[in-house]
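Observations on chain architecture
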Amino acid sequence: MSLVAAHGLTVQVGSVTALSGVDFSISTGEIVTIVGPNGSGKSSLLRALIGAVPAARGSVTRAPGLRIGYVPQKLDIGATLPLTVRRFLSLPRRRKTPEIDAALAEAEVAGLADRQMSALSGGQFQRVLLARAVMDRPDLLILDEATQGLDQPGSAAFYRKIADLRDRLNCAVLMVSHELHVVMSASDRVICLNGHICCEGAPDIVASAPEYRALFGTGTGGALALYRHEHSHSHDHDHGHRHGHGQDRMHDAPEEVR
Amino acid sequence: MLDDFLVRAALAGVGVAIAAAPLGCFVVWRRMAYFGEATAHAAILGVALSLSLSMSIFAGTLVAAMGMALAVSALSQRSYAMDTLLGVMAHSSLALGLVAVSLLDGVRVDLMSFLFGDILAVSRGDLAVIWGGALAVTLLVFWRWSALLTATLNPDLATAAGIDPRREQLILTLALAVTVAVAIKVVGVLLIGAMLVIPAASARPFSRTPEGMAGLAILLGAGAALGGLELSYLYDTPTGPTIVCVLAVCFALANLGSAMLSARRS
């Protein structure tokens, strides 16, 4: 069943058209990742889906009573706002202590309830955001660049956690990421966005699509995601050699996430 | 008891402090200090409006402050940086208000009492307006507290949780306008910003939660109002500015105290 769907969605940000004619839908249990260069409208799409920006044309429909868990791209808690982790998890609804402790334990940051939000490390902060997002047992978990500021092992562990949460909560997961290689292997479906949908489908289909290659090329980040794909295409020998040293590691990274 | 002007002044000061302090916390958290200032300065325009239409000062200042707040919110979508826009609007409305008051025929107005407050001249009627307004603001902020706090943290986070951040912004704006309108008699348009910001800023070093900060800000604000009144009575100084001076001393002591505490800990 479709939880959120967009039909012919066009979004204006000021006088700029951030998105045009986007058709999108996500169903229970799916992990969908949106990739795209900077300014390609990834965040605009997420914000339109939660209803934070209006559709200039087209429509967004949400399933009735849909519970959304949202992890924003950045949460700038100013130095003037005192806020403990416990209090943060109680926003906007009051939570009981056992609920809070359970959510923190689930996100693997148990025992932080009485810390100030401003005193957390980057990894702890992201996990607390995740803990808050899943407190309501959401039908749809939305993450906007949720691994920003995490190192590679940190973000791999974070995505493993998300796949695990999907299995246990049976929710849908929609995320935006720039870490193509890690994210794509954990996704059921990838949408490549650049103002409009360039291509979409299973990770390996998208990775081999010419539109995707036009945006991300076949080097660096792209190559890591494409590794298996590159392997099956013999015409690109040169490429394989260039990355010869890294091949084992490349192969490992996506496997680890699964 | 209410026959004594000092008792009325004390009640008025405490009433304003109770309304202004929690609201002031949001002003500080949302970095809206200048916004509060602009809203307050527009109130002098409201005074001119009230006098020329011979309606109550409270109604006139409320309308002007609300109009200003809405105008700034609408204009902030445009191309100017917020602080530039507020700098233009705050001082223009103050100047325009002063000019408008001077143009009024046949009315002699004690401008100083509007600019710096006239807490010793608070009547029973004023007291009713101040406490009515303060109570309304306090209830409004208390009722919306969680939603306001969520929207302050992050508008998208609030939207995803089913809260409309624009609505919460409007509620804050309305509360701010009411506070300005009731505080004008106590501290005057030039010093209302101090009643909003300084108690909250002084409470920050000793607070671990938003609620704790708001509670402490109320205590500090009310204490400063009473202390300032006492001092101005003893030394025959203008009351509104004396209250703000006491607040400034609170702020200095709070920062000194927290610096000493953290030095001892380390």
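Quick summary incoming for the structure in this document. Being a predicted model, the structure only gives us computed values, none of them experimental.

Cut-off values and rules
- Residues numbered from 1 in each chain as written.
- Chains lettered and ligands numbered in written order.
- Predicted model: local features only at pLDDT ≥ 70, side-chain atom pairs only at ≥ 80, totals over all residues.
- Heavy atoms only, no water.
- Helix = DSSP H or I, 4+ residues; strand = E, 2+ residues; numbered from the N terminus.
- Buried < 20%, exposed > 50% of the residue type's maximum accessible area, 1.4 Å probe, protein only.
- Contact = heavy atoms within 4.5 Å.
- Patch = residues over 30% accessible without salt bridge, like charges linked within 9 Å, V, L, I, M, F, W, Y side chains within 5 Å.
- Areas by Shrake-Rupley, 256 points an atom, 1.4 Å probe, with all protein chains shown as cover.
- Salt bridge = Lys/Arg side-chain N within 4 Å of Asp/Glu carboxyl O.
- Pairing = 2+ DSSP bridges.
- Axes fitted to C-alpha atoms, helices over the stretch in contact; angles between N-to-C directions.
- Polar contact = N/O pair within 3.5 Å; in protein donor to acceptor, adjacent residues only side chain to side chain.
- Nonpolar A, V, L, I, M, F, W, Y, C, P; charged D, E, K, R; others polar.
- Disulfide = S-S within 2.5 Å.
- Expected span 1.5 Å × (residues − 1).
- Core = buried A, V, L, I, M, F, W, Y, C linked by side-chain atoms within 4.5 Å.
- Arc of directions from axis to C-beta.

Here we come to the overall build of chain A. Each helix and strand in chain A was counted, giving 11 helices and nine strands. Looking at chain A as a whole, 52% of its 258 residues are labelled buried. The contacts of chain A with a sequence gap of at least 6 include a subset with a gap of at least 24, amounting to 65%.

A cluster of nonpolar residues, Leu49, Leu53, Met55 and Val63 of chain B, forms a patch on the protein surface that exposes about 330 Å² of accessible area. Its location among the elements puts methionine 55 of chain B in the loop between helix H2 (33-52) and helix H3 (57-75).

All names here are of chain A. Taken together, the three strands give an open sheet; going across it, the order is E2-E1-E4, and neighbouring strands pair in antiparallel fashion. The outermost strands of the open sheet, each flanked by one partner alone, are strand E2 (16-27) and strand E4 (57-62). In this sheet, adjacent strand axes meet at a mean angle of 15 degrees when their direction is disregarded. As judged from the five bridges shared by strand E1 (residues 2-13) and E4, these two strands associate in the antiparallel manner. What sits directly across from alanine 6, in E4, is valine 60. Its contacts with the sheet put helix H1 (residues 42-50) on E1, E2 and E4, and the angle it makes with E1 is roughly 120 degrees.

For the rest of this paragraph, the subject is the interface of chain A and chain B. Counting from both sides, the interface comprises 26 residues of chain A and, opposite them, 22 residues of chain B. The interface formed by chain A and chain B includes two salt bridges. Residues arginine 47 of chain A and aspartate 156 of chain B are paired through a salt bridge, measuring 2.7 Å at the closest nitrogen-oxygen approach. Taken together, the connections running from chain A to chain B amount to nine residue pairs in polar contact (both at pLDDT 80 or more). Class assignment of the residues belonging to the side of chain A that touches chain B gives a composition of 14 nonpolar, five polar and seven charged.

With that settled, the discussion passes to the pairing of strand E9 (residues 197-201) of chain A. Where a strand is regular, its side chains alternate between the two sheet faces. Residue and element names in this part refer to chain A. Pairing analysis gives four bridges linking strand E8 (residues 189-193) to E9, with the strands arranged antiparallel. Paired with isoleucine 191 across the two strands is glutamate 200, which belongs to E9. With antiparallel pairing between neighbouring strands as the criterion, E8 and E9 make up a hairpin whose turn holds three residues, including glycine 195 at a positive phi of roughly 85 degrees.

Residue and element names in this part refer to chain B. Locating valine 28 in the fold gives a position in helix H1 (residues 5-29). Residue class for valine 28 comes out buried when judged on its relative accessible area of 14%. Expressed as a C-alpha distance, the spacing of valine 28 and valine 197, which sit 169 residues apart in the sequence, is 6.3 Å.

This next bit is on the state of the cysteines. One way to say it: the disulfide is the covalent bond shared by the sulfur atoms of two cysteines. Residues and elements named next belong to chain A. For the structure on display, the rule yields zero disulfides over all chains. Summary of cysteine pairing: cysteine 192 is not part of a disulfide, and the nearest cysteine sulfur, belonging to cysteine 199, is at 4.3 Å. Since its relative accessible area comes to 0%, cysteine 192 is described here as buried. Of the cysteine sulfurs around cysteine 198, a residue in no disulfide, the closest is that of cysteine 192, at 4.5 Å.

With that settled, consider helix H9 (residues 192-203) of chain B. Residue and element names in this part refer to chain B. An ideal rise of 1.5 Å per residue puts 16 Å on 12 residues; H9 measures up with 18 Å between its terminal C-alpha atoms. With respect to burial, H9 is a largely interior element, 10 of its 12 residues being buried. When we look at burial in H9, the residues that qualify are Ile192, Gly193, Ala194, Met195, Leu196, Ile198, Pro199, Ala200, Ser202 and Ala203. Residues of H9 that are buried in the fold lie against H1, H2, helix H8 (165-183), helix H10 (210-235) and helix H11 (239-265).

Below, the discussion takes up the nonpolar core. Ranked by internal contacts, the top residues of the largest apolar core, which has 148 residues, are Phe88, Leu143 and Leu174 of chain A. Considering each element in turn, this core owes the most residues, 15 residues, to H1 of chain B. Setting aside anything within four residues of it in sequence, one finds leucine 143 of chain A in contact with Leu46, Val71, Leu130, Phe158, Ile162, Val173, Leu174, Met175 and Val176 of chain A. Residues Val35, Cys192, Val206 and Tyr212 of chain A belong to the second largest nonpolar core, which totals nine residues.

Residue and element names in this part refer to chain A. When helix H3 (residues 97-106) is considered as a whole, its buried residues turn out to be Ile100, Ala103, Leu104 and Glu106. Viewed along the axis of H3, the buried residues span an arc of 160 degrees, placing them on a single side of the element. Looking one or two residues past H3, glutamate 108 carries a phi angle of roughly 60 degrees, positive in sign.

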